[in-house]
Amino acid sequence: MSDSNAFRRCLGKFATGVTVVTCLDAAGRPCGITANSFSSVSLDPPLILWNIAKVSNSLEAYKQAEYFAINVLSADSQSVANHFARSDHTLFANVEHVMSERGSPLLPDTLAQFECRTNAIHDCGDHFIIIGEVVEFRSTDRDPLLFFAGQYRKLEKPE
Ligand SMILES: Cc1cc2nc3c(=O)[nH]c(=O)nc-3n(C[C@H](O)[C@H](O)[C@H](O)COP(=O)(O)O)c2cc1C
């Protein structure tokens, strides 16, 4: 690959939603990282995936976590996305959240949540692919926060 910036720009042409993936680190501190690599994998069994950069400061937290949660952000949560795109992923002091029974931090006002048990972690280039088995899920009718070409977007209502 001769031009990694061009590759990144080309990948950015695939519009996605935005999630915050949360877990507890080994010391029991809540962690959250903004991720748009979330994808469905399998209906039966119910599996999803997301990718974490090997350079991420919170890599070890997600590698050791038995459970994690995918919080799918709603249109008005851009500040939450920016917050968890910062390097210190344990910054929960000013972020409202509840702890799930299995110990995953859940954010309020999301449009969907998937609570997952870590099923497999695959070493893949400069990222790890984390596969989760969905053990609980819930959704609302909120509008999504979107990410396209390096920018946050909102859904345009159909005519
Ligand atoms: C919209 C958006 C999507 C992102 N998606 C991912 C992702 O899927 N995986 C990942 O490892 N980092 C992703 N990041 C970057 C992380 O959120 C994180 O902030 C960044 O890696 C810096 O933290 P670190 O220094 O701990 O790695 C994304 C950032 C943004 C703004």
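Note that the structure is a prediction, hence the values are computed from the model and not measured. Along every chain, residues carry numbers that run from 1 in the direction the sequence is written. Since the coordinates come from a predicted model, pLDDT governs what is reported: local features require at least 70, and pairs of side-chain atoms require 80 or more to be given and counted, while whole-chain, interface and lining totals use all residues. As a rule here, side-chain values come from all non-hydrogen atoms in the structure, and water together with hydrogens is ignored.

**Examining the overall build of the protein**
This is how the line gets drawn: In DSSP terms, a helix is any run of H or I states spanning at least four residues, a strand is any run of E spanning at least two, and both are numbered starting from the N terminus. Just to be clear, the radius of gyration here is over C-alpha atoms, and the globule rule we use is 2.2 Å times residues to the power 0.38. For every residue, the accessible area obtained with a 1.4 Å probe (protein chains only) is divided by the maximum for its type, and the residue is called buried under 20%, exposed over 50%, and partly exposed between those limits.
Assigned secondary structure in the protein consists of three helices and 12 strands. The C-alpha radius of gyration of the protein comes to 15 Å, within 12% of the 15 Å expected for a compact globule of 159 residues. Viewed in the frame of its principal axes, the protein has a C-alpha envelope of about 40 × 40 × 35 Å. Counting every position in the protein, which comprises 159 residues, the buried fraction comes to 38%.

**Points about the packing of aromatic side chains**
Where we set the bar: By convention, a stacked pair of Phe, Tyr or Trp rings (six-membered ring in the case of Trp) has centres within 6.5 Å and planes under 30 degrees apart, an edge-to-face pair has planes over 60 apart, and any other such pair is tilted. Any Lys NZ or Arg CZ that is within 6 Å of a ring centre and within 35 degrees of that ring's normal is treated as a charge sitting over the ring.
Applying the stated rule across the entire model yields five aromatic pairs. Taking 5.1 Å as the distance between ring centres and 80° as the angle between the ring planes, the aromatic pair formed by Trp50 and Tyr62 counts as edge-to-face. Of this pair, Trp50 sits in strand E5 (residues 47-53) while Tyr62 sits in helix H2 (residues 59-64), placing them 12 residues apart in sequence. In this structure Trp50 comes out as buried when scored by relative accessible area, which is 1%. Pairing Phe84 with Phe92 gives two aromatic rings, centres 5.0 Å apart and planes at 45°, and the pair type is tilted. One Lys or Arg, Lys54, reaches over the ring of Phe128 and ends 5.1 Å from the middle of that ring.

**Here's the deal with the sheet that holds strand E4 (residues 39-42)**
Note: strands within a sheet are paired through backbone hydrogen bonds, in either parallel or antiparallel orientation. Heads up, the rule is: Between any two strands, pairing holds if DSSP finds at least two bridges. Axes, fitted as lines to C-alpha atoms, cover a helix only where it is in contact. Angles between the N-to-C directions of the axes lie from 0 to 180 degrees.
The strand order across the open sheet built from seven strands is E3-E2-E6-E9-E10-E5-E4, with neighbouring strands paired in antiparallel fashion. Two strands lie at the open edges of the sheet, namely strand E3 (30-35) and E4, each paired on one side alone. Each adjacent strand pair in this sheet contributes to an overall mean axis angle of 35°, direction not counted. The pairing of strand E2 (residues 19-24) with E3 spans six bridges and is classified as antiparallel. In the sheet register, Thr19 faces E3, and the bridge partner there is Ala35.

**What about the site of the ligand?**
We count it as follows: Here a residue counts as near a molecule or strand whenever at least one of its heavy atoms sits within 4 Å of it. Each polar contact in these results corresponds to two N or O atoms within 3.5 Å; when the atoms are within protein, one needs to be able to donate a hydrogen and the other to accept it, and residues that are neighboring in sequence are counted only if both atoms are side-chain atoms. Every accessible area reported is derived by Shrake-Rupley at a probe size of 1.4 Å, with residue values counting cover from the shown protein chains alone. In the scheme used here, Gly and all other residues not listed as nonpolar or charged are polar, with Ala, Val, Leu, Ile, Met, Phe, Trp, Tyr, Cys and Pro taken as nonpolar and Asp, Glu, Lys and Arg as charged.
Taken together, 17 residues lie around the ligand, and Thr34, Ser37, Asn51, Ala85 and Ser87 are the ones closest in. Take Thr34: an N or O atom from its main chain is 2.7 Å from an oxygen atom of the ligand. A distance of 2.9 Å separates an oxygen atom of the ligand from a polar backbone atom of Asn57. In isolation the ligand has 620 Å² of accessible area, and contact with the protein removes 80% of it. Elements supplying a minimum of two residues to the shell around the ligand: E3 and E5. Looking at side-chain class alone, the shell around the ligand contains eight nonpolar, eight polar and one charged residues.

**Concerning the sheet that holds strand E11 (residues 145-148)**
Spatial strand order, E1-E11-E12: three strands in an open sheet with antiparallel pairing. Each of the sheet's edge strands pairs with one partner strand only, and the pair in question is strand E1 (16-17) and strand E12 (151-154). For E11 and E12, the ladder comprises four bridges, and the chain directions are antiparallel. In the sheet register, Phe147 faces E12, and the bridge partner there is Tyr152.

**A word on the nonpolar core**
What tends to happen in soluble globular proteins is that the nonpolar side chains get buried as a cluster. To keep things clear, this is the line we draw: Here, nonpolar core means buried Ala, Val, Leu, Ile, Met, Phe, Trp, Tyr and Cys residues that are tied together by side-chain atoms lying within 4.5 Å of each other.
Core analysis: the largest hydrophobic core is formed by 21 residues, its most contacted members being Val21, Cys23, Trp50, Ile52, Tyr62, Phe68 and Ile70. When contributions to this core are tallied by element, the ones reaching two or more residues are E2, E3, E5, H2, strand E6 (67-72), strand E9 (112-124) and strand E10 (127-139).

**A closer look at the pairing of E5**
Summarising burial for E5: five of the seven residues are buried, a large majority. The pairing of E4 with E5 spans three bridges and is antiparallel. Bridging across to E5, Ser39 finds its partner in Leu49. Once E4 ends, the chain turns through four residues before running back antiparallel as E5. Here E5 runs beside E10; their pairing, made up of seven bridges, is antiparallel. Looking at E10, one finds that Leu49 is bridged to Ile131.

Distances and angles like these do not, on their own, reveal function.
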